[in-house]
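Given next are the chains, with one letter for each unit.
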Amino acid sequence: MSRSKRAKLGREEEGRQLLLPGLPDHLAHLCLSQVPARVLFSVCHSWRRLLYSPSFPPFLSVYALLSSSSAGSASAVSDEDRDENDTHLGFSSYDPISGAWRPLPPPPPDPPLRVVLVRHPSFIARRLPIQSVALSGHLLLLAATTHQLLPALPRPLVFSPASNQWRLGPSLTTRRRWCAAGAAAGCVYVASGMGAEYNMEVARCAERWDLRKPQWEEVARLKDSKFSREAVEAVGCRGRLCMVNVKGNAAKDGAIYNVEQNAWEEMPRGMLAGWKGPAASMDEDAIYVVDEAMGTLKEYKWEMDEWKTVMESERFKGASQMTAGGGRVCAVLAGGVGIAVVDVLARPPNMWVVEPPSGMLVMTVHVLPRMSRPDTEDI
């Protein structure tokens, strides 16, 4: 018998063994769910497969939209010529237990991800935004731009790590790009932005989608069109959706959407003054921001209307996007060359960097449960 056949037979025999001798598997599940994920991964193949099974409590992983390093020089081309650019964009997940990247399955072909443009000759010095949101254990791709400068996504693309599958969400009431996008209180929101061209009605309207419902619904309109200036994160926290209309350290306007009252409010002065870079919410309870000019990670204190410094690092300078979850804050480093991960629960907070796969750059990042894997997959 060849070595490969013996190894395969060994794996099959191991797979038929009880997870814990003397216990039925449903009780073994309960016991092993209390064991740290890193221990399960390192002991044996049967425990490792259990760790990634849909029935086992998932640990958190990092999900990223990646672009090839050559995508930055991509120009507008015809549909016939775009096949060569199919691999410029793709989603992958970084598994902190195995320390490896794993690509997500390709999303549905309609709309195809290949029509999404990263850069355009008219804006060669600026990367065009691709907006995605994490909500209720799902990854949603919401807005992007085509090479014809049109909204690329008539409906959201939704990925479920539990099923390891994509699906299409309902059509947006108004197709848009260059908008505000975020999640709060179980719903995803898009607001302002533009369609094929600037339109005052689009710039002031907002809509939301509850993933349990079959369609989007319009919500209270913004009082002005100032939020169509730039694609921004709308950060959900404590029943509110908070956003500013310009990224970075420039003068800006802020607004807060009150979910319960379906009304827009003024942003507190302290919150607006310290919002000097990408921001994210930790479990919709705390807001973190990176001052991309000073290289400082800060947390907003609601009661005092001020930002408290968490840590400083040169690596934070030029950070372009961030997310938070499970006690970690993740920031995309300047140029997309890596992801800074900060354990904000540690005292003092500690940081490490996750590098993207070779030849790729990070565009956006999210924290979600790990992907499940088939029992037949070799892990």
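A quick note: this is a predicted structure, and the numbers were derived from the prediction, not measured. (Residues numbered from 1 in each chain as written. Predicted model: local features only at pLDDT ≥ 70, side-chain atom pairs only at ≥ 80, totals over all residues. Heavy atoms only, no water.)

## Notes on the pattern of salt bridges
The criterion, for reference: Salt bridges are counted wherever a side-chain nitrogen of Lys or Arg sits within 4 Å of a carboxyl oxygen of Asp or Glu. To qualify as a helix, a DSSP run of H or I must reach at least 4 residues; to qualify as a strand, a run of E must reach at least 2; elements of each kind are numbered from the N terminus. Between buried and exposed lies partly exposed: a residue is buried under 20% and exposed over 50% of the maximum accessible area for its type, with that area taken using a 1.4 Å probe on protein chains only.
Taken as a whole and assessed by the stated rule, the structure comprises 12 salt bridges. With a closest N to O distance of 2.9 Å, E207 and R176 form a salt bridge. With E207 in strand β10 (residues 206–210) and R176 in the loop between β7 (165–168) and β8 (180–184), the pair connects residues that are 31 residues apart, well separated along the chain. The residues E207 and R176 share a single accessibility class, namely buried. A salt bridge links R328 to D343, with the nearest nitrogen and oxygen atoms 3.9 Å apart. In this pair, R328 sits in strand β21 (residues 328–332) while D343 sits in strand β22 (residues 339–343), placing the two residues 15 residues apart along the sequence. Residue R328 is classed as partly exposed on the basis of its relative accessible area, which comes to 33%.

## Some words on the sheet that holds strand β18 (residues 296–301)
What holds strands together in a sheet is hydrogen bonding between their backbones, with the strands either parallel or antiparallel. Using the following cut-off: A pair of strands counts as paired when DSSP detects no fewer than two bridges linking them. Between N-to-C directions, angles span 0 to 180 degrees; the directions come from axes that are lines fitted to C-alpha atoms, helices contributing only their stretch in contact.
Taken in spatial order, the 4 strands line up as β16-β17-β18-β19 in an open sheet, and their pairing is antiparallel. Lying at the two open borders of the sheet, with one neighbouring strand each, are β16 (279–282) and β19 (306–312). Each adjacent strand pair in this sheet contributes to an overall mean axis angle of 30 degrees, direction not counted. Across 4 bridges, β16 lies against strand β17 (residues 286–291) in antiparallel orientation. Note on β17: the bridge partner recorded for S281 is I287.

## A closer look at the environment of R208
This is how the line gets drawn: In this description, contact between two residues means that some pair of their heavy atoms is separated by no more than 4.5 Å. Two N or O atoms count as a polar contact when they lie within 3.5 Å, although within protein this holds only if one can serve as hydrogen donor and the other as acceptor, and sequence-adjacent residues are included solely when both atoms are side-chain atoms.
Locating R208 in the fold gives a position in strand β10. A sequence separation of 26 residues divides R208 from G182, and the C-alpha atoms of the two residues are 9.5 Å apart. Those residues within four positions of R208 in sequence are excluded, and the remaining contacts are C187, V188, Y189, W216, E217, V219, Y257 and V259. Reaching out from R208, the side chain makes a polar contact with the side chain of Y189 at a distance of 3.2 Å.

## Here's the deal with the packing of aromatic side chains
The condition that has to hold: Stacked, edge-to-face and tilted are the three classes for Phe, Tyr and Trp ring pairs, Trp counted by its six-membered ring, which pair at centre distances within 6.5 Å; planes under 30 degrees apart are stacked, over 60 edge-to-face, the rest tilted. Either the NZ atom of lysine or the CZ atom of arginine qualifies as a charge over a ring when it sits within 6 Å of the ring centre and within 35 degrees of the ring normal.
Under the criterion given, the structure shown has 11 aromatic pairs. The interplanar angle of 35 degrees and the centroid separation of 6.0 Å between the aromatic rings of W209 and W216 together place this pair among those described as tilted. Of the two residues, W209 and W216, neither departs from the other in class, the shared state being buried. A centroid spacing of 5.2 Å and a plane angle of 55 degrees characterise the contact between Y257 and W264, whose relative ring orientation is tilted. Considered together, Y257 and W264 belong to a single accessibility category, that of buried residues. A cation over an aromatic ring shows up here: R48 above the ring of F41, its NZ or CZ 3.9 Å from the ring centre. One residue, R373, lies across the ring of Y52, its end atom 4.5 Å from the ring centre.

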